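Coordinate inspection notes
So the chains spell out like this:
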Amino acid sequence: MEKITKEKFHQEHHSRNLGLLTEEEQKKIDETRILIAGCGVGSLVAINAARLGFEKFILVDGDEVELSNINRQGFSSRDVGRKKVNALARRLKQINPHAEIRKYPIFVDIKNAARLVHKADIIIDSIDPDAAQAVIAMHRAAQKEHKTIIQPTDVGWGAMVQIFTPESISYEKMIGLNPETPIEKVSNEEAFGKFVQFFVKIMPPYVQKIAMEVAEGKRKHYPQPVSAGYILAAMTVMGLKRVVLEQPFKVAPEYVEFDPDTCWEPNETK
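Since this is a predicted model, take the numbers as computed values, not measurements.

As for a negative patch on the surface
A cluster of acidic residues, Asp 63, Glu 64, Glu 66, Asp 128 and Asp 130, forms a negative patch at the surface. Here Asp 130 shows up in the loop between β4 (122-125) and α6 (132-144). Residue Asp 130 is classed as partly exposed on the basis of its relative accessible area of 46%.

Here it is as structure tokens:
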């Protein structure tokens, strides 16, 4: 295919968004820089964001693609063994050859979280919640810089999304941790336990038992089907769009949740 100029690409690519977005709104989306912290399910968030028109990405993940990832993440069997940030950057460039991508094949931790947050306008927190110190360090950095974090969570066949702003409740307070605790003294085990305890209360009943089995070590993996990944991505990008365009949105501890499996249940007859 012949090389397409950035102007021509924008004109053609954005044409099917216009009507739902104005040209001015689309330009705001184009110019927003997103940090994808965790490129597992975050890969689908990035891919969906690119298709909406976001084209400035900071990709952070130290993992390589595994075969077990491709049931739900934005990778193929050809990517197995590659660094996730490299495989995802390649996919984003296939969608938008003009995308501006910074790749960091590292894990977010307490030493680099603030530096990574500083580089972005909005942060997508798709780090595994058991890496609690990293999650908390990133949230603290975002609050300090008055930046918004969008945190998606896959839940059974569906997903939920929360948005943390500088004015909202913090992630730590929400799950019942003391925000004054020095980050080095935060226990990953305790924080992950608090995370599970909080989210189990708002999960559909059919997921609660599975989540507790994982937390107690009775089950090796929390199930993560493809429907959850794609719904999570769509909901996250809609939240991202609302934040960028300064449209109203729910903030934590409120959340948005959708489970497609429950839509198929027949209505009870009286």
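There is more to say, and it comes next.
Quick word on the pattern of salt bridges
For the structure on display, the rule yields 10 salt bridges. Through salt bridges that share partners, Lys 6, Arg 33, Glu 55 and Glu 100 make up one connected network.

Re the nonpolar core
Judged by nonpolar contacts, the single largest core of 40 residues is most densely connected at Leu 35, Val 108, Met 138, Tyr 171, Met 174 and Phe 199. The element that contributes the greatest number of residues to this core is α6, accounting for 8 residues. Setting aside its immediate chain neighbours within four residues, Met 138 contacts Leu 35, Ala 37, Ala 113, Val 117, Ile 123, Asp 125, Ile 127 and Ile 149. Judged by nonpolar contacts, the second largest core, of 39 residues, contains Ile 29, Ile 34, Val 85 and Leu 240.

What to know about the packing of helix α8 (residues 188-202) against helix α9 (residues 205-215)
Here α8 crosses α9 at 170 degrees, and the two axes come no closer than 9 Å. In this view, α8 runs roughly antiparallel relative to α9, as classed from their interaxial angle. Between α8, through Val 196, Val 200 and Lys 201, and α9, the contact on the second element is made entirely by Gln 208, Ala 211, Met 212 and Ala 215. Along the lines of polarity and charge, the residues of the contact of α8 with α9 split into 5 nonpolar, 1 polar and 1 charged.

Topic: the sheet that holds strand β2 (residues 56-60)
Ordered by their spatial adjacency, 7 strands build an open sheet running β3-β2-β1-β4-β5-β6-β7, and the pairing between neighbours is mixed. Bordering the open sheet on either side are β3 (100-104) and β7 (256-258), each of which pairs with just one other strand. Mean inter-strand twist for the sheet, computed between neighbouring axes without regard to direction, equals 15 degrees. Pairing of strand β1 (residues 33-37) with β4, which is carried by 4 bridges, proceeds in the parallel orientation. Each residue of the ladder has a partner; that of Ala 37, found in β4, is Asp 125.

What about the packing of aromatic side chains?
Tallied over the entire structure, the rule returns 4 aromatic pairs. Each ring, one from Phe 164 and one from Tyr 171, has its centre 6.1 Å from the other, and the planes form 75 degrees; the classification is edge-to-face. Under the relative-accessibility criterion, Phe 164 is labelled buried at 4%. Between the aromatic rings of Phe 195 and Phe 199, the centroid separation amounts to 4.4 Å while the plane-to-plane angle is 45 degrees, which identifies the pairing as tilted.

Thresholds, definitions, all that
Residues numbered from 1 in each chain as written. Predicted model: local features only at pLDDT ≥ 70, side-chain atom pairs only at ≥ 80, totals over all residues. Heavy atoms only, no water. Patch = residues over 30% accessible without salt bridge, like charges linked within 9 Å, V, L, I, M, F, W, Y side chains within 5 Å. Areas by Shrake-Rupley, 256 points an atom, 1.4 Å probe, with all protein chains shown as cover. Salt bridge = Lys/Arg side-chain N within 4 Å of Asp/Glu carboxyl O. Lys, Arg positive; Asp, Glu negative; His and termini not counted. Charge placed at Lys NZ, Arg CZ, Asp CG, Glu CD. Helix = DSSP H or I, 4+ residues; strand = E, 2+ residues; numbered from the N terminus. Buried < 20%, exposed > 50% of the residue type's maximum accessible area, 1.4 Å probe, protein only. Core = buried A, V, L, I, M, F, W, Y, C linked by side-chain atoms within 4.5 Å. Contact = heavy atoms within 4.5 Å. Axes fitted to C-alpha atoms, helices over the stretch in contact; angles between N-to-C directions. Parallel < 35°, antiparallel > 145°, perpendicular 65-115°, else oblique. Nonpolar A, V, L, I, M, F, W, Y, C, P; charged D, E, K, R; others polar. Pairing = 2+ DSSP bridges. Phe/Tyr/Trp six-rings, centres within 6.5 Å; stacked < 30°, edge-to-face > 60°.

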